[in-house]
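Here are the chains, one letter per residue:
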Amino acid sequence: METTRWVNWARTASSTPVRRERPSDVDELARAVSRAVDEGLHVRAVGAGHSFTAAAVTDGVLLDLDALDAIERVERRADGSALVTVGAGIRLAALNGALGALGLAMRNLGDIDQQSIAGAISTGTHGTGVRLGGLATQVVGARLVTAAGDVVETSPTQQPELFELARLGLGSVGVLAAVTLEVVPAFLLEAVEEPWALDDVLEQLDGPDGLVEGNDHFEFYWFPHTRRALTKRNNRVQDGPGLNPVRRWVDDELLSNSVFEVTNRIATAVPAATRRINQLAARSLSARRYVAPSPEVFASPRRVRFREMEYAVPRAALRDVLAEIDRWVETSGEHLPFPGEVRFAAADDVWLSTAHGRETAYVAVHQYWRLPYQRYFSAVERIMAEHEGRPHWGKLHWLDARRLAELYPRFADAQRVRAAADPDGVFDNDYLTRVFGPRP
């Protein structure tokens, strides 16, 4: 146990809990929760701290799940897929490595692999791919420590309503101890990364052979103050040439991190240079094509600190949303050195998924951590409100339960299950109270 100040990666949330505990197994985890309840303390769990919100903040006991990181069970199927049960604290990078050693992989991932699996699914982390859902859609079971200190197994057939909030519910009904994932045989992806004119990207998005439907995974980055984009098309292949290690280091470490940090510092010191910096950056990008195991293509090193807001909108609204953001950027006087990101996902039926019931386009906006972000993000949030946008649960936004109830068909069910599972608010904090509403 220890008492220490906790700060998240983005430096947007911090707290000083009464103590911080690191349980080594599920029994210790259950005892830690029970002890906190007996003392009248709130409980929150933390992984890598990659949420931009205050989801992990607590004035009580902060539970570090890093020791719960073992693969417990692998149940292989005849088609090569498998059910893998793994400790909730394992980081995605370690999970990908362990799965790879077993000849397995997650079918889709986000572009950062530093989060814990518990944090990633609980906040609705997703990748891109119009035929694929977010990480929570790959969860078929969850072991939960409840407010009563009980260890409960949940799944679509075991306490299915509790399962819904266990797999995506911000830790509102308990602390995840383990999750069971449906994984697939390991596969290779061919990555094709090319700079395009933004107007060409938007023109070629749709249709059976368009950029979205015509690729397993498609996304693009748009550079504010320009009409340029970096496109990324990733598709399954059997083999192909890898990326030269020197080229990888130059692109992913030197240019995307070291040089990018310098250009952001210049933009911070000389805001008027931002437009020119973005134009030069967008035009200096070079195309590359390579084949690698899927986790190496999905995830990229991110060492430049930033703040982020991301909204999910109906896919049909994407062009209007981007046009409105662009108009605001060009008339606002703001200087924005960080690119925005656009991704795609299939509709799903997870209660609190941002893609619930609709094919989705995700629009993420970023700001370098040394620069103010509130005015930019507030303007983007107003634009998203006009298109029924749903905020990413782990990224910055200002919506509350009243508005979220209008955006999620099963929101009242989520509130009901949360109230029943944690009637005394053991797992509450200010962020959860805001997004789920005060208790009845």
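Procedures and definitions
Residues numbered from 1 in each chain as written. Predicted model: local features only at pLDDT ≥ 70, side-chain atom pairs only at ≥ 80, totals over all residues. Heavy atoms only, no water. Helix = DSSP H or I, 4+ residues; strand = E, 2+ residues; numbered from the N terminus. Buried < 20%, exposed > 50% of the residue type's maximum accessible area, 1.4 Å probe, protein only. Polar contact = N/O pair within 3.5 Å; in protein donor to acceptor, adjacent residues only side chain to side chain. Contact = heavy atoms within 4.5 Å. Salt bridge = Lys/Arg side-chain N within 4 Å of Asp/Glu carboxyl O. 1 Å grid on protein atoms, 1.4 Å probe; cavity = no way out; pocket = protein on both sides within 12 Å on 5 of 7 lines; lining within 4 Å. Points joined across faces, edges and corners; volume = space filled by probe spheres on them. Nonpolar A, V, L, I, M, F, W, Y, C, P; charged D, E, K, R; others polar.

A few points about the side chain of Glu-334
With respect to the secondary-structure elements, Glu-334 resides in the loop between α9 (318-332) and β17 (340-345). A relative accessible area of 19% means that Glu-334 is categorised as buried. Within the structure, Glu-334 has its side chain in polar contact with the side chain of Arg-375 (distance 2.9 Å). Those residues within four positions of Glu-334 in sequence are excluded, and the remaining contacts are His-225, Trp-328 and Arg-375.

With respect to the pattern of salt bridges
Counting across every chain of the model gives 37 salt bridges. With its nearest N and O atoms 2.5 Å apart, the salt bridge here joins Asp-199 to Arg-227. Placement of the pair is Asp-199 in helix α5 (residues 198-203) and Arg-227 in the loop between β13 (217-222) and β14 (228-237), with a sequence separation of 28 residues. For Asp-199, a relative accessible area of 42% translates into the label partly exposed. When salt bridges with common partners are traced through the structure, they connect Asp-206, Glu-213, Arg-315, Arg-319 and Glu-359 into a single cluster.

Details of the layout of surface pockets
Roughly 160 Å³ of internal volume is contained in the second largest pocket. Every residue lining the second largest pocket is listed: Thr-12, Ala-13, Phe-52, Thr-53, Ala-54, Tyr-373, Leu-396, His-397, Trp-398, Tyr-431 and Arg-434. Partitioned by chemical class, the residues of the lining of the second largest pocket number 7 nonpolar, 3 polar and 1 charged.

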